[in-house]
Amino acid sequence: MSNGPIETQIVNILKTSMNLSSLKIINESFLHNVPEGSESHFKIVIVSSDFINLTMIQRHKLVYKKLDNLMTKIHALSIHAFDESEFKLNPIILESPECANR
C-alpha cells in the first residue's frame, strides 16, 4: 500500500529535519469513523539522537514543532519517541487508545 500525501509529508519533514535512527509511521485512520482513505489519525514511532536528555513532553513538542502547519490536517497523533539506547532496551510499541468517535 502506498503512502498518502499527508503521510509522505510527515516522512519527508521528519527525515530532513531530524537525526533519525528509525522512523515508522502507521496510518490508523481506518480504525476510526472517517471516510475510506482518510489520513487523520497517525502513530509515529521515532528513534533519534535528538531526544537524548529530553523529557517525553519535550520530545513531543519537538515533533509537533517540526510538523508545524501540517498538524492542522491531522486529528490525532500518537508519538512514541525514543533515543537509541532507550529503544534498544525496550522496543515495545504500545497500542493506540480507542477513539471516542468510533
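Keep in mind the model is a prediction, meaning the values are calculated, not measured. (Residues numbered from 1 in each chain as written. Predicted model: local features only at pLDDT ≥ 70, side-chain atom pairs only at ≥ 80, totals over all residues. Heavy atoms only, no water.)

J.: Teacher, can you tell me more about the overall build of the protein chain here?
T.: Scanning the protein chain for helices and strands turns up 3 helices and 3 strands. Ordered by position in the sequence, the α and β elements of the protein chain form the string α-β-β-α-β-α. Of all 102 residues assigned to the protein chain, the portion counted as buried reaches 37%. Roughly 6,600 Å² of accessible area belongs to the protein chain as shown, and the carbon and sulfur atoms make up 54% of that amount. (Helix = DSSP H or I, 4+ residues; strand = E, 2+ residues; numbered from the N terminus. Buried < 20%, exposed > 50% of the residue type's maximum accessible area, 1.4 Å probe, protein only. Areas by Shrake-Rupley, 256 points an atom, 1.4 Å probe, with all protein chains shown as cover.)

J.: Please clarify how the side chain of Asn-27 should be interpreted in this entry.
T.: Of note, Asn-27 is situated in strand S1 (residues 20-27). Excluding its chain neighbours within four sequence positions, the residues that come into contact with Asn-27 are Glu-7, Ser-38, Glu-39, His-41 and Phe-42. (Contact = heavy atoms within 4.5 Å.)

J.: Would you take a moment to explain the environment of Ser-21 for this structure?
T.: Assignment of secondary structure puts Ser-21 in strand S1. Sequence separation between Ser-21 and Val-47 is 26 residues; the distance between their C-alpha atoms is 5.4 Å. A distance of 2.7 Å separates the side chain of Ser-21 from the side chain of Glu-84, its partner in a polar contact. (Polar contact = N/O pair within 3.5 Å; in protein donor to acceptor, adjacent residues only side chain to side chain.)

J.: Please explain the pairing of strand S2 (residues 41-48) as it appears in this structure.
T.: Note on strand geometry: in a regular strand, side chains alternate between the two faces of the sheet. In terms of burial, S2 is largely enclosed, as 8 of its 8 residues are buried. What you see with S2 is no split at all: His-41, Lys-43, Val-45 and Val-47 on one side and Phe-42, Ile-44, Ile-46 and Ser-48 on the other are buried throughout. Looking at chain direction, S1 and S2 are connected through 7 bridges and run antiparallel. The residue bridging Asn-27 from the neighbouring strand is Phe-42, located in S2. Read from S2 through helix H2 (residues 56-67) to strand S3 (residues 76-82), the crossover connection turns out right-handed. (Pairing = 2+ DSSP bridges. Right-handed = clockwise from strand over helix to strand, strands pointing away.)

J.: Help me out: how do you make sense of the nonpolar core in this one?
T.: Among soluble globular proteins, nonpolar side chains are generally buried collectively. Counting 19 residues, the largest nonpolar core has Ile-10, Ile-44, Ile-46, Leu-67, Ile-74 and Leu-77 as its most contacted members. The set of elements that each furnish at least two residues to this core consists of helix H1 (5-17), S2, H2 and S3. Of the residues forming this core, the biggest block, 4 residues, is contributed by H1. Leave out the neighbours within four places in its chain, and Leu-77 touches Phe-42, Ile-44, Tyr-64, Leu-67 and Met-71. (Core = buried A, V, L, I, M, F, W, Y, C linked by side-chain atoms within 4.5 Å.)

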